[in-house]
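# Tertiary structure, described
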Protein chains: 2
Amino acid sequence: MSQSSIASALRRDAQHNRAHILEVARQAFGNDSVDVSMDAIAKLAGVGAGTLYRHFPNKDALLAALLVLHYESLDDRRVEIEAGESDAGRALELWVEALGDWMLAYEGLPEPLRAACRVESPLTPTCHAVIATTERILKAAQDEGLARRTMTGRDIFFGALAIAWASGATAAGEDTRNVLRDVLKNGWMEPKTAPGGGV
Amino acid sequence: MSQSSIASALRRDAQHNRAHILEVARQAFGNDSVDVSMDAIAKLAGVGAGTLYRHFPNKDALLAALLVLHYESLDDRRVEIEAGESDAGRALELWVEALGDWMLAYEGLPEPLRAACRVESPLTPTCHAVIATTERILKAAQDEGLARRTMTGRDIFFGALAIAWASGATAAGEDTRNVLRDVLKNGWMEPKTAPGGGV
DNA sequence: GGCTATATGGAGACTGTCTCCGCTTCGACT
DNA sequence: AGTCGAAGCGGAGACAGTCTCCATATAGCC
């Protein structure tokens with residue numbers, strides 16, 4: 001009874017529909033890509049388009065709701081990394097890896113994420129949260145001299161996003177993905193010896 | 001008269017229309033982005049949609065025709081670089097810079113370019129040509145020990161493309177673009193002293 | 001000037017996002 | 001249990017984009 005106010009704000013049938021739509025969308029986006037049409041999702045969920053749009057006013061909102069769920073597991077991973085890894089440099093490395101996987105939870109996801117960083121969208125808050133976390137983990141590494149101060153959390157976020165976009169979910173760019181990840185890593189790592197080319 | 005066989009294969013009015021459409025499209029894509037609709041371009045050019053599609057069977061084909069023109073100036077730049085720069089490492093650097101500009105000739109261009117690398121499209125040949133050139137310039141740098149052998153021309157192409165995509169044409173990511181470009185550069189440069197993190 | 005291959009333009013098929021609104025159903029109150 | 005208003009539902013259809021089809025118009029060779 002004393003659930004959250006959100007739960008009680010929705011009639012029980014609506015709650016069920018909402019959850020069902022999310023589950024169906026998760027599978028549809030996961031099996032194919034975010035290109036699956038809203039109408040198709042409505043049909044798969046056995047509801048009318050109106051119902052779908054009542055719960056999620058546009059496609060980004062649906063994606064955002066799905067991503068918030070995913071974000072929770074990303075945050076769990078963050079806690080895990082921060083707890084288990086005392087080396088701030090290694091922690092950053094693990095975090096960026098987790099970040100890459102998160103961004104590719106659904107094929108085609110990088111595009112709306114990028115858009116959300118430019119114009120307000122339902123995905124925007126999640127993006128900002130991820131950037132802030134990246135910033136924090138980066139700073140810890142910087143404070144220990146394990147990462148250059150030339151980069152910001154935002155830079156790393158965009159770097160990871162760009163790599164996710166370029167390599168996509170298809171296997172086509174497996175090698176390229178690994179190489180670019182390595183390039184990004186080298187990019188933030190503090191050179192052990194002489195400074196390379198600065199900004 | 002003894003122009004190319006292409007010219008004589010088209011009636012004069014068709015030649016004129018084709019050229020006019022190209023010019024209009026160039027301006028439209030340049031002022032706004034590649035999102036300008038085909039219908040809008042047809043209207044701007046004062047022709048029917050049928051005429052537009054007769055000359056360019058789909059949007060990618062139109063983009064490809066435009067890009068081929070741009071590719072010529074990119075190739076001029078390549079010749080210029082190769083002639084004027086004896087340092088193979090510096091040549092690579094200049095080439096990647098030119099590459100970045102070329103990829104952002106029109107806002108939104110990176111997306112179709114990436115798609116063309118995965119599935120056949122009118123843009124595919126141009127992409128392959130650019131990758132091959134990058135490979136060649138990279139190899140020259142590698143042979144002089146100025147670039148790591150861990151990267152391929154394809155990797156650098158995708159790296160540049162990813163950066164172009166992430167920073168877009170809008171000014172929003174000016175800093176990020178520069179930082180990422182630097183990261184990419186550091187990524188291919190042979191470390192002067194001790195080897196950093198390997199693959 | 002006549003004729004035919006070539007070219008044209010725009011209606012409309014198709015697909016996708018999203019809105020609107022008449023009808024249904026839940027569930028609180030009696 | 002029965003009533004009833006608010007919450008929810010579904011799907012027709014508005015709108016925008018890509019691209020096709022074909023009746024009509026035109027260039028340019030005779």
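Everything in this summary refers to the structure shown in the same document. (Residues numbered from 1 in each chain as written. Chains lettered and ligands numbered in written order. Predicted model: local features only at pLDDT ≥ 70, side-chain atom pairs only at ≥ 80, totals over all residues. Heavy atoms only, no water.)

## Notes on the protein's contact with DNA strand D
Counted only if it meets this: Any residue with at least one heavy atom within 4 Å of a molecule or strand is counted as near it. By the criterion applied in these results, polar contacts are pairs of N or O atoms within 3.5 Å in which, for protein atoms, one can donate a hydrogen and the other can accept it, and in which residues neighboring in sequence qualify only through two side-chain atoms. Under the DSSP-based scheme used, a helix requires at least four consecutive residues in state H or I and a strand at least two consecutive residues in state E, with every element numbered from the N terminus. When residue character is reported, Ala, Val, Leu, Ile, Met, Phe, Trp, Tyr, Cys and Pro are called nonpolar, Asp, Glu, Lys and Arg charged, and the others, Gly included, polar.
Taken together, 24 residues lie around DNA strand D, and R11, N17, G50 and T51 of chain A together with M38 of chain B are the ones closest in. If you look at DNA strand D and keep only atoms within 4 Å of the protein, 63% of those are sugar or phosphate atoms. Take G50 of chain A: an N or O atom from its main chain is 3.2 Å from a base oxygen of DNA strand D. Within the contact set of DNA strand D, a phosphate oxygen lies 3.3 Å away from a side-chain nitrogen or oxygen of H55 of chain A. Secondary structure elements with two or more residues in the surface near DNA strand D: α2 (12-31) and α4 (49-55) of chain A together with α2 (12-31), α3 (38-45) and α4 (49-55) of chain B. The element that contributes the greatest number of residues to the surface near DNA strand D is α4 of chain A, accounting for five residues. Grouping the constituent residues of the surface near DNA strand D by class yields seven nonpolar, nine polar and eight charged.

## Quick look at the protein's contact with DNA strand C
Taken together, 23 residues form the shell around DNA strand C, and within it R11, N17, G50, T51 and R54 of chain B come nearest. Sugar plus phosphate: this is where 65% of the atoms of DNA strand C within 4 Å of the protein reside. Contact distances for DNA strand C include 2.8 Å between a phosphate oxygen and a backbone N or O atom of M38 of chain A. H55 of chain B is positioned such that a nitrogen or oxygen atom in its side chain is 3.3 Å from a phosphate oxygen of DNA strand C. Those elements that provide at least two residues to the surface near DNA strand C are α2, α3 (38-45) and α4 of chain A together with α2 and α4 of chain B. Looking at the surface near DNA strand C element by element, the count peaks at five residues for α4 of chain B. For the surface near DNA strand C, the residue count by class is six nonpolar, nine polar and eight charged.

## So, the state of the cysteines
Residues and elements named next belong to chain A. Going by this rule: In plain terms, two cysteine sulfur atoms within 2.5 Å form what is called a disulfide here. Accessible area is worked out with a 1.4 Å probe on protein chains only. A residue is then buried under 20% of its type maximum, exposed over 50%, and partly exposed in between.
This model, assessed by the stated rule, comprises zero disulfides over all chains. Left without a disulfide partner, C117 is nearest to the cysteine sulfur of C127, which lies 3.9 Å away. Assessed through its relative accessible area of 13%, C117 is described here as buried.

## Digging into the packing of helix α5 (residues 59-84) of chain B against helix α6 (residues 88-103) of chain B
All names here are of chain B. Our working rule: What counts as an axis is a line fitted to C-alpha atoms, over the stretch in contact for a helix, and the angles between N-to-C directions run from 0 to 180 degrees. With respect to orientation, any angle under 35 degrees is reported as roughly parallel, any angle over 145 as roughly antiparallel, any angle of 65 to 115 as roughly perpendicular, and every other angle as oblique. The crossing is said to be left-handed when, going from far helix to near helix, the turn is anticlockwise and less than a right angle, and right-handed when the turn is clockwise. Residues are treated as being in contact if the distance between any of their heavy atoms lies within 4.5 Å.
Running from amino to carboxyl end, α5 crosses α6 at an angle of 165°, the nearest separation of the two axes being 10 Å. Viewed along their axes, α5 and α6 adopt a mutual orientation that is roughly antiparallel. In the crossing of α5 with α6, the sense of the turn from one axis to the other is right-handed. Seen from α5, the contacting residues are L67, H70, Y71, L74, R77, R78 and I81; seen from α6, they are A91, L94, W95, A98, L99 and W102. Classifying every residue of the contact of α5 with α6 gives 10 nonpolar, one polar and two charged.

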